[in-house]
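# Summary of the model geometry
So you can see what is in the structure, the chains are spelled out below.
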Amino acid sequence: MASLGKLLFVTLLASSLLASPGSAQLSPTFYSTSCPNLLTIVRNAMTQAVNNEARMAASILRLFFHDCFVNGCDASILLDDTATFTGEKNAGPNRNSARGYEVIDAIKTRVEAACNATVSCADILALAARDGVVLVGGQSWTVPLGRRDARTASQSAANVQIPAPTSSLATLVTMFSNKGLSARDLTALSGAHTIGQARCTTFRGRIYNDTNIDAAFATTRRANCPATGGDANLAPMDTTPTRFDNDYYRGLVARRGLFHSDQELFNGGSQDAAVRGYSNNAASFLGDFAAAMVRMGNISPLTGTNGEVRRNCRRIN
């Protein structure tokens, strides 16, 4: 009888643990029965998008980063502003620069056709970011799934929680630490800047005011980024902006970081050794980046009955 009572107690304890809020875990197999073709659908759509425009890999990766750093990876960045709702799309770090929303819309349409009201926009964005990186030469990683979508967004949080391209190393370390990410994660994830383009307004101060910059590099960048005007003129993040490699770190060692915040990682501070290591060992960077992406994707997800599964990524149900 005592053993039966003990068994009952253990069973009840296990049930209560499973039901407790916060115990919900993301899992790579979350949709294996409810939407078995999900990964193929996302990969095919991203292949099409990146084939159409190689820069899209960087754009989707940036969307995911800007989503995760504002109240967690909950697809809040995808919500449109309305007459009664202010989202994150027009926050300073996103206005006139965040892009790729229509790619996520297209993927969501295909996913809904296969398994409606099942897969969150947050998970679609996480998968799309991974696939984009792989399609331009990065290392793959297994994406834990089961995030749900936010019913709210915060423009004010987006304005202060996303690191600026003018940030100091101390600020960057603190902002990443606030999200549970280490300084090493910061340096690895900054390697996302090995792909994509940046607007003149984000690096003008760097090329005209910074002294820790290669003179020839500054001259080259000034040619398409005048001291005034031309804010939207684009420059590549490194010399191979459509290939996910370690060229970004080689650029930092040569004092050719495009953003002030980039060069802060290699400027006589705590991350110099990590940057030099990545510049000499692409495999080390690619592996650390993949692992750090999983950790970033685990920032404060909505799970269980929290949030919702949006039918349309641009608006709440």
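Quantities reported herein were computed from a predicted structural model and do not represent experimental measurements.

### Considering the packing of helix H3 (residues 56–68) against helix H5 (residues 121–135)
For the pair H3 and H5, the least separation of the axes is 8 Å and the interaxial angle reads 140 degrees. Here H5 runs oblique to H3, going by the angle between their axes. Between H3 and H5 the crossing geometry is left-handed. The residues of H5 that touch H3, namely those facing Ala57, Ile60, Leu61, Leu63, Phe64 and Asp67, are Leu125, Ala126, Ala128, Ala129, Gly132 and Val133. Partitioned by chemical class, the residues of the contact of H3 with H5 number 10 nonpolar, 1 polar and 1 charged.

### Here's the deal with the side chain of Ser167
Of note, Ser167 is situated in the loop between helix H6 (155–161) and helix H7 (169–177). A residue is classified by how much of its surface remains accessible, and Ser167, at 7% relative accessible area, is buried. Leaving out residues up to four positions away in the same chain, Ser167 has contacts with Leu172, His260, Ser261 and Glu264.

### Regarding the pattern of salt bridges
If you walk through the whole model with that rule in mind, you get 16 salt bridges. For Asp131, the salt bridge identified is with Arg130, shortest N-O distance 2.7 Å. Overall, the relative accessible area of 2% leaves Asp131 in the buried class. We classify Arg130 as buried; its relative accessible area is 8%. When salt bridges with common partners are traced through the structure, they connect Asp80, Lys89, Asp105 and Arg314 into a single cluster.

### Considering the UniProt feature "active site" (unreviewed entry) in the protein chain
Following the UniProt record, one finds the feature "active site" (unreviewed entry) at His66. Position of His66 among the secondary structure elements: in helix H3. Among the residues examined, His66 registers a relative accessible area of 5% and is labelled buried. Discounting residues that sit within four places of it in the chain, His66 has contacts with Ile77, Pro93, Asn94 and Ile162.

Rules and cut-offs
- Residues numbered from 1 in each chain as written.
- Predicted model: local features only at pLDDT ≥ 70, side-chain atom pairs only at ≥ 80, totals over all residues.
- Heavy atoms only, no water.
- Axes fitted to C-alpha atoms, helices over the stretch in contact; angles between N-to-C directions.
- Helix = DSSP H or I, 4+ residues; strand = E, 2+ residues; numbered from the N terminus.
- Parallel < 35°, antiparallel > 145°, perpendicular 65-115°, else oblique.
- Left-handed = near helix turned anticlockwise from the far one by under 90°.
- Contact = heavy atoms within 4.5 Å.
- Nonpolar A, V, L, I, M, F, W, Y, C, P; charged D, E, K, R; others polar.
- Buried < 20%, exposed > 50% of the residue type's maximum accessible area, 1.4 Å probe, protein only.
- Salt bridge = Lys/Arg side-chain N within 4 Å of Asp/Glu carboxyl O.
- UniProt positions renumbered as here; feature names shortened; annotations may be inferred.

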